[in-house]
Amino acid sequence: MSGYSPSSEPFTLQRDCPAVHVPHGAAVTLPAGQTGYITQALGASFTVVVDYNLFRIAGKDADALGKTPPPPIEVPAGAGDADIERLVWDQLRTCFDPEIPVNVVELGLVYDVSLTPLPEDAGRKVAVRMTLTAPGCGMGDILVDDVRSKLELIPTVRETDVELVFDPPWNHSMMSDAARLETGML
């Protein structure tokens, strides 16, 4: 297989690796020894091309690609709600649509974030209302799961509720200037 683009990085899987077929969202396992190209490495996940098909590989499986998995998130001692909310927004900025090199925050897909303390100092619940660039996006469930799993990596987050909404409908004006520049829409 020839290179996908001049900036794509070749790989050979070092072990069987779970992946998601883009844009369908179907879970698959790519076998050890499979070769391909990394086309995007953003937010601790990877978009790869294997036999002319796109797949998303989670950061926790970076070792299969010969990469280092992301380090665990640390919460400073005495961190308050504002500190945790900053960590939540930082984690949301690590969530990318595998086909668009812009995170969900800069795309304007996150409508609301709220933190609620749980009883008996048992941590926090994080609720997120978000949307998709297109209601029929096959990666919708995958993006929601990515948001949920990355928020649950924050040590004091014990529960997450990620709600996918379509009102108001997303449009290009919701993107940050940086996102519009990156996608050529500025």
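Structure: see above.
Since the model is a prediction, treat every value here as computed from it, not as a measurement.

What counts and what doesn't
- Going along each chain's sequence as written, the residues are numbered from 1 onward.
- Given that this is a predicted model, residues contribute local features only at a pLDDT of at least 70 and side-chain atom pairs are listed and counted only at 80 or more, while totals for whole chains, interfaces and linings are drawn from all residues.
- Side-chain calculation: all heavy atoms of the structure are included, whereas hydrogens and water are not.
- Grid spacing is 1 Å over the protein atoms alone, the probe is 1.4 Å, and a cavity is where that probe fits but cannot get out, while a pocket is an open set with protein on both sides within 12 Å along at least five of seven lines and lining residues have an atom within 4 Å of a point.
- Grid points are joined across faces, edges and corners, and a volume is the space filled by probe spheres set on the points.
- Put simply, DSSP H or I for four residues or longer makes a helix, DSSP E for two residues or longer makes a strand, and each gets a number counted from the N terminus.

### Quick notes on empty space enclosed by the protein
For step 1, the next point in the chain: Taken as a whole and assessed by the stated rule, the structure comprises one cavity of 30 Å³ or more.
For step 2, the next point in the chain: When its volume is computed, the largest cavity comes out at roughly 40 Å³.
For step 3, the next point in the chain: Contributing to the lining of the largest cavity are Q40, L42, S45, F46, T47, R56, F96, D97 and P98.
For step 4, the next point in the chain: Among the secondary structure elements, those contributing two or more residues to the lining of the largest cavity are β4 (35–42) and β5 (45–50).
For step 5, the next point in the chain: Sort the elements by how many residues they give to the lining of the largest cavity and β5 lands first, with three residues.

### Concerning the environment of V20
For step 1, the next point in the chain: Among the secondary structure elements, V20 is positioned in strand β2 (residues 17–22).
For step 2, the next point in the chain: Considered as a pair, V20 and R148 are 128 residues apart in the sequence and their alpha carbons are 16 Å apart.

### Examining the layout of surface pockets
For step 1, the next point in the chain: Here the largest pocket defines a volume of roughly 600 Å³.
For step 2, the next point in the chain: In terms of lining residues, the largest pocket is bounded by 26 residues, among which A58, G59, K60, D146 and S149 are the most central.
For step 3, the next point in the chain: Mapped by element, the contributors of at least two residues to the lining of the largest pocket are β2, β3 (26–30), β6 (53–58) and α2 (140–151).
For step 4, the next point in the chain: Considering each element in turn, the lining of the largest pocket owes the most residues, five residues, to α2.

Purely geometric numbers; function is a separate question.
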